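Each chain, letter by letter, is given below.
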Amino acid sequence: SGGNKKYFGVDLTSGALLVNERIDREELCGALSPCSLSFEIVVENPLELYSGTVEIQDINDNDPVFPSSQARLEISESVAAGARFPLESAQDPDVGINSLQTYQLSANPNFALDVQTRVDGSKYAELVLEKELDREEQRELNLVLTALDGGSPPRSAHVQIHIDVVDANDNAPVFNQSTYKASVRENTPSGTLVARISAYDLDDGPNGDIIYSFSSHTPAKVRELFALDSATGELRVKGQLDYEETKLYEIYLQAKDKGAVPGVAHCKVLVEVVDVNDNAPEVTVTSVYSPVPEDAAPGTVVALLSVTDLDSHDNGLVNCFISPGIPFMLSSSLKNYYTLKTEGALDREKAAEYNITITAKDSGSPPLSAVKHILVQVSDVNDNAPRSSQDSYDVYVLENNMPGIPILNVSATDPDVGRNAHLSYTLLGDTTFGHLFSINRDNGTLYLLTSLDHEDQVEFNMMVQVQDGGFPPLATNVSVSVFVTDLNDNAPMVLYPHPNTTATYTDVVAPGTPAGHMVTKVVAVDADAGYNAWISYTLLQATDPSLFSVGLHNGEIFTARQLREDDAPDVHQCHHLHLCGRDG
Ligand SMILES: *[C@@H]1O[C@H](CO)[C@@H](O)[C@H](O)[C@H]1NC(C)=O
Ligand SMILES: *[C@@H]1O[C@H](CO)[C@@H](O)[C@H](O)[C@H]1NC(C)=O
């Protein structure tokens, strides 16, 4: 036969096939089945060749074997019924019925055995928890797993299974209150105690040691604002609380013991944040309609404002008012919205702008307030006519003046501004005196264009109109009277005796005429006025100065004494008087 081992021999005389040595099927074929050995037989005389096969049959000569004789399991008492724990399989080199067929488990109150077959036909067992373990009742279990083959008699193997029942930390911590309540003022400083939570745990050792913490779903904001002492359960303020942001915190906390499978209890802390008047009102000026024309009707809206206060209730209840004594008022038709209106008439000439102080005050205790200034400008309206410093002017001009001289400055002002105060001067009734007077349109200087003659016209009356540039324009009339004052430019003129000749005037006075007799009266006139026309008469020259006198003011010539015969020099002789008329 091939191979090294000669399992078979032959009896050379009888031809019996003999087993040479012990044949181990498991060694030859392992799990292969059937297991056979082939051989050739040579017969001599005559020479013949035969072949044959010997099938090696299995006998149950092997025990099942577990990889180890001891197995250890740790199972928590909290494991629920139905849980499965696979066990190590035993091996049996035999085949067929002689191979491993089943497992058995020693009797026990908790576990059953479930034998499963793999695809390759091999079997394994699982422990199935039928009744939950209780460590407090039984700390450990010792089971025996038996593997059995199907031989006859069957062979078996055993493994000791030691089960430790693990403590399940079955007492969770318990809070002495499920909800804690606290209230904290919003400006409470960091570190202030809010609440102290407390839980107990009946377990001993680590299973009874409690650690306090925030529940896992606690928002980051809460963790920023509050700190929890994990050992004492003291909840303290850590950040800056703000009522306006959050009024109530619902904080979920947990107490956890230090067990391997820790027990957990939850509680809730309701932290009410109490409002403190920590926010001043804020005034927002939405729009300002400035400048306001000075003729704006009372009730004209000048500005819109709103007030806000982040606080609540009274702390956020805001009143708004303006400083008194100005023609403005504040009204509110909608909570926290105000309109600033004009209340009375405005006059830019009295107040060109108002710095309006708006005070907003909340109703907290103590109240907080805010101040806002609104500058309202009043724009000009042409509501003022030009004003002249005088209603009328009397101007005196000496006659024979130089032409083109300024004689008057009509000064006027206008309280308005800009165009409304831009004044222009014109002469009214220009046609009458247009050739005589002219006014500078811009500065109101009145010029006399020609030389005047008192003897021609003494008085000129005219109107100067001062007009502003507003729309419509306003004007003021100023009356101007120009008086031409006299210059002594006219000599007295003799009317009587008639001065048409240069001849001497002759009158006859009889001798014996007493003293005081009016001989004649010289009448002279003077075109000038006043003193300039006040004529005085004097005797310049006389043949006999003792004979006649002249009335200084009336030009009457009187006899100074009685005339005698001998006063007449001769018949043809005359007394000659030479008179002088002179003005004042
Ligand atoms: C308005 O008055 C306030 C207080 O007197 C002052 O501080 C502010 O500068 C004034 N505003 C203007 C524009 O004059
Ligand atoms: C100024 O005088 C003119 C002419 O007499 C007249 O028409 C006008 O109404 C007067 N204006 C005023 C403001 O008195």
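The model shown is predicted, which means the values in this text are computed figures rather than measured ones.

### Points about the environment of Val509
Here is step 1: With respect to the element layout, Val509 can be found in the loop between strand S38 (493-496) and strand S39 (518-521).
Here is step 2: Each C-alpha atom, one on Val509 and one on Arg348, is 87 Å from the other, the two residues being 161 residues apart in sequence.
Here is step 3: The contact partners of Val509, leaving out residues within four places of it in the chain, are Val519, Phe548, Thr559 and Leu563.

### Some points on the sheet that holds strand S30 (residues 392-398)
Here is step 1: Strands sit in the order S30-S37-S36-S33 across an open sheet of four strands; the sheet is mixed. Edge strands, defined here as strands with exactly one partner in the open sheet, are S30 and strand S33 (424-428). The sheet shows a mean angle of 30° between the axes of neighbouring strands, direction not considered.
Here is step 2: Two elements, S33 and strand S36 (residues 459-467), share five bridges in a ladder whose sense is antiparallel. Its bridge partner being in S36, Ser424 is matched across the sheet by Gln467.

### Things to note about the UniProt feature "domain: Cadherin" (unreviewed entry) in the chain
Here is step 1: UniProt records the feature "domain: Cadherin" (unreviewed entry) at residues 4-66, 67-175, 176-283, 284-388, 389-494 and 501-583, using the numbering of this structure.
Here is step 2: What you have in residues 176-283 is 6% helix and 44% strand, and the ends, taken at the C-alpha atoms, are 50 Å apart.

### Quick notes on the nonpolar core
Here is step 1: Core analysis: the biggest nonpolar cluster contains 28 residues, and Phe226 and Ile251 have the highest contact counts within it.
Here is step 2: When residues of this core are assigned to their parent elements, the largest contribution, five residues, is made by strand S20 (residues 264-274).
Here is step 3: Excluding residues that lie within four positions of it along the chain, Phe226 makes contacts with Val194, Phe214, Leu235, Arg236, Val237, Lys238, Leu241, Tyr249, Ile251 and Val271.
Here is step 4: Within the second largest apolar cluster, 25 residues are counted, among which are Ala412, Tyr425, Phe433 and Val484.

### Regarding the sheet that holds strand S5 (residues 70-76)
Here is step 1: Here four strands make up an open sheet; going across it, the order is S5-S11-S10-S7 and the pairing mixed. In this open sheet, the two edge strands, each paired with only one partner strand, are S5 and strand S7 (100-105). Mean inter-strand twist for the sheet, computed between neighbouring axes without regard to direction, equals 25°.
Here is step 2: For S5 and strand S11 (residues 156-166), the ladder comprises seven bridges, and the chain directions are parallel. Paired with Ile75 across the bridge in S11 is Val165.

### A look at the confidence of the model for the chain
Here is step 1: Confidence in the prediction of the chain, expressed as mean pLDDT, is 87, and 97% of residues score 70 or more.
Here is step 2: Across the chain, element-level confidence peaks in strand S18 (residues 234-237) with a mean pLDDT of 96 and bottoms out in helix H3 (residues 430-433) with 62.

### Quick word on unusual backbone geometry
Here is step 1: The omega torsion across Ser152 and Pro153 is 0°, close enough to zero to call that bond cis.
Here is step 2: Cis geometry marks the peptide bond from Phe471 to Pro472, where omega comes out at -5°.
Here is step 3: Mapped onto the elements, Pro472 comes out in the loop between S36 and strand S37 (475-485).
Here is step 4: Of note in this structure, Asn336 is not a glycine but carries a positive phi near 70°.

### A short note on the site of ligand 2
Here is step 1: Near ligand 2, the surroundings consist of Leu428, Ala475 and Asn477.
Here is step 2: Separating an oxygen atom of ligand 2 from a side-chain N or O atom of Asn477 is a distance of 2.3 Å.
Here is step 3: Burial of ligand 2 by the surrounding chains reaches 34%, relative to a free accessible area of 360 Å².

### Let's talk about the environment of His578
Here is step 1: Position of His578 relative to the elements: it lies in strand S44 (residues 577-582).
Here is step 2: Sequence spacing of His578 and Thr504 is 74 residues, and the spatial spacing of their C-alpha atoms is 9.4 Å.
Here is step 3: In this structure His578 touches Thr538, Leu539, Leu540 and Gln541, once residues within four positions along its chain are discounted.

### Looking at the state of the cysteines
Here is step 1: Tallied over the entire structure, the rule returns one disulfide.
Here is step 2: Each disulfide pairs two cysteine sulfurs, and for Cys29 the partner residue is Cys35, the sulfurs being separated by 1.8 Å. Looking down the S-S bond of the Cys29 and Cys35 bridge, the torsion is 70°, so its handedness is right-handed. Judged on exposure class, the residue Cys29 and its partner Cys35 are both buried.

### A short note on a nonpolar patch on the surface
Here is step 1: Residues Met493, Leu495, Tyr496, Tyr505 and Val525 make up a contiguous nonpolar surface patch of about 460 Å² in total accessible area.
Here is step 2: Per-element tally for the nonpolar patch: the top contributor is S38, with three residues.
Here is step 3: Topologically, Leu495 is positioned in strand S38.

About the thresholds
- Residues numbered from 1 in each chain as written.
- Chains lettered and ligands numbered in written order.
- Predicted model: local features only at pLDDT ≥ 70, side-chain atom pairs only at ≥ 80, totals over all residues.
- Heavy atoms only, no water.
- Helix = DSSP H or I, 4+ residues; strand = E, 2+ residues; numbered from the N terminus.
- Contact = heavy atoms within 4.5 Å.
- Pairing = 2+ DSSP bridges.
- Axes fitted to C-alpha atoms, helices over the stretch in contact; angles between N-to-C directions.
- UniProt positions renumbered as here; feature names shortened; annotations may be inferred.
- Core = buried A, V, L, I, M, F, W, Y, C linked by side-chain atoms within 4.5 Å.
- Buried < 20%, exposed > 50% of the residue type's maximum accessible area, 1.4 Å probe, protein only.
- pLDDT = per-residue confidence, 0-100.
- Near = heavy atom within 4 Å.
- Polar contact = N/O pair within 3.5 Å; in protein donor to acceptor, adjacent residues only side chain to side chain.
- Areas by Shrake-Rupley, 256 points an atom, 1.4 Å probe, with all protein chains shown as cover.
- Disulfide = S-S within 2.5 Å.
- Patch = residues over 30% accessible without salt bridge, like charges linked within 9 Å, V, L, I, M, F, W, Y side chains within 5 Å.
- Salt bridge = Lys/Arg side-chain N within 4 Å of Asp/Glu carboxyl O.

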